[in-house]
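Fold and geometry: a report
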Amino acid sequence: MDVREDTLHGMAERAAFREMKQGTAEDWAVIGRDYREFARGLPDRVLTHLKLLDGDFGGFPVCRLEHSLQTATRAHRDGRAEDYVVMALLHDMGDTLGSYNHPEVAAAILKPFVSEELHWICQNHGAFQGYYYFHFLGMDQNAREQFRDHPHFEACREFCEKYDQAAFDPDYASEPLEFFEPMVRRVMAKPITSAYAKAIAEE
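Just so it is clear, the model here is predicted, and its values are computed rather than measured.

To continue, consider the overall build of the chain. When you go through the chain residue by residue, the secondary structure sums to eight helices and zero strands. Ordered by position from the N terminus, the helices and strands of the chain form the series α-α-α-α-α-α-α-α. The dimensions of the chain, computed from C-alpha atoms along their principal axes, are 65 × 35 × 30 Å. By the burial criterion, 39% of the 203 residues in the chain qualify as buried. Nonlocal contacts in the chain, meaning residues at least 24 apart in sequence, comprise 60% of its contacts between residues at least 6 apart. Working note: accessible area of the chain is about 11,700 Å², and carbon and sulfur atoms make up 54% of it.

This part takes up helix 8 (residues 177-187). Taken together, the buried positions of helix 8 are occupied by Leu177, Phe180, Met183, Val184 and Val187. Projection of helix 8 onto a plane perpendicular to its axis shows the buried side chains occupying an angular sector of 115 degrees, all on one side. Looking at the buried residues of helix 8, the elements they touch are helix 2 (42-50), helix 3 (64-77) and helix 4 (82-90).

In this section: the side chain of aspartate 164. Tracing the backbone through its elements, the reader meets aspartate 164 in helix 7 (residues 153-164). Buried charge without a partner: aspartate 164 forms no salt bridge, and the closest opposite charge is arginine 74, 9.3 Å away. In this structure, aspartate 164 is in contact with His67, Thr71, His91, His125, Gln129 and Phe159, ignoring residues within four places of it in sequence.

Turning next to the side chain of arginine 74. In this fold, arginine 74 is placed in helix 3. Among buried Asp, Glu, Lys and Arg side chains, arginine 74 stands out as unpaired, with aspartate 169 the closest opposite charge at 4.4 Å. Those residues within four positions of arginine 74 in sequence are excluded, and the remaining contacts are Lys162, Tyr163, Ala166, Ala167, Asp169 and Tyr172.

So, about the nonpolar core. If you look at the biggest cluster of nonpolar residues, it comprises 41 residues, and the most contacted ones within it are Leu50, Met87, Leu89, Leu90, Phe128 and Phe159. Counting residues per element, the ones that place at least two in this core are helix 2, helix 3, helix 4, helix 5 (102-110), helix 6 (116-129), helix 7 and helix 8. With seven residues, helix 4 is the single largest residue contributor to this core. Apart from residues no more than four positions distant in its own chain, leucine 89 is found in contact with Leu50, Ser68, Leu69, Ala72, Leu177, Phe180 and Val184.

Attention now moves to the pattern of salt bridges. What the rule picks out here adds up to 14 salt bridges. Glutamate 13 is the salt-bridge partner of arginine 33, the closest N and O atoms lying 3.2 Å from each other. Of the two residues, arginine 33 is situated in helix 1 (residues 25-40) and glutamate 13 in the segment before helix 1; the sequence distance between them amounts to 20 residues. Measuring nitrogen to oxygen at the nearest pair gives 2.9 Å for the salt bridge that ties arginine 33 to aspartate 34. Salt bridges sharing common partners tie together Glu13, Arg33 and Asp34.

What counts, and at which threshold
- Residues numbered from 1 in each chain as written.
- Predicted model: local features only at pLDDT ≥ 70, side-chain atom pairs only at ≥ 80, totals over all residues.
- Heavy atoms only, no water.
- Helix = DSSP H or I, 4+ residues; strand = E, 2+ residues; numbered from the N terminus.
- Buried < 20%, exposed > 50% of the residue type's maximum accessible area, 1.4 Å probe, protein only.
- Contact = heavy atoms within 4.5 Å.
- Areas by Shrake-Rupley, 256 points an atom, 1.4 Å probe, with all protein chains shown as cover.
- Arc of directions from axis to C-beta.
- Lys, Arg positive; Asp, Glu negative; His and termini not counted.
- Salt bridge = Lys/Arg side-chain N within 4 Å of Asp/Glu carboxyl O.
- Core = buried A, V, L, I, M, F, W, Y, C linked by side-chain atoms within 4.5 Å.

In structure tokens form, the structure reads like this:
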């Protein structure tokens, strides 16, 4: 039975090839259609994953979700643009699966939807945040200096100083995750840069 005949039996239509080099335009029309639908669900998956940080304190004064909400709330109340606020909200979402490189995980998820500057801030905020505590762990407090001549150095330093390192106050009244949900959906509605941007365009 051809894989495409599955639709007659209540199963989702699928490509028929066993190796990609056997694929046809018809196969890729099926895959492209499903890809577009799957891509539209990205904000839901991101928000669901962010909720995994709820109640995870790791010894900090607030849990990781509250830290994320507080960072985003501070940025929002300071008048930052929506994409900046979303970056602030998601900057630590890599903690669960990227325990040794969490900034890179979050940055990779955000990259298609934000400017190069915001992506750089997210990707490198770990070294800049270290200015406030690396020396207590026997690490180089001035690790951020390796980026001193980078054009986004000051923007990343400011993000950490004003929002990230300041977002551990148990008494701060952060906005709930629901407040930011529409922002996440708008920012992630369409990629700015992605090798797959054309594939998700409406036919």
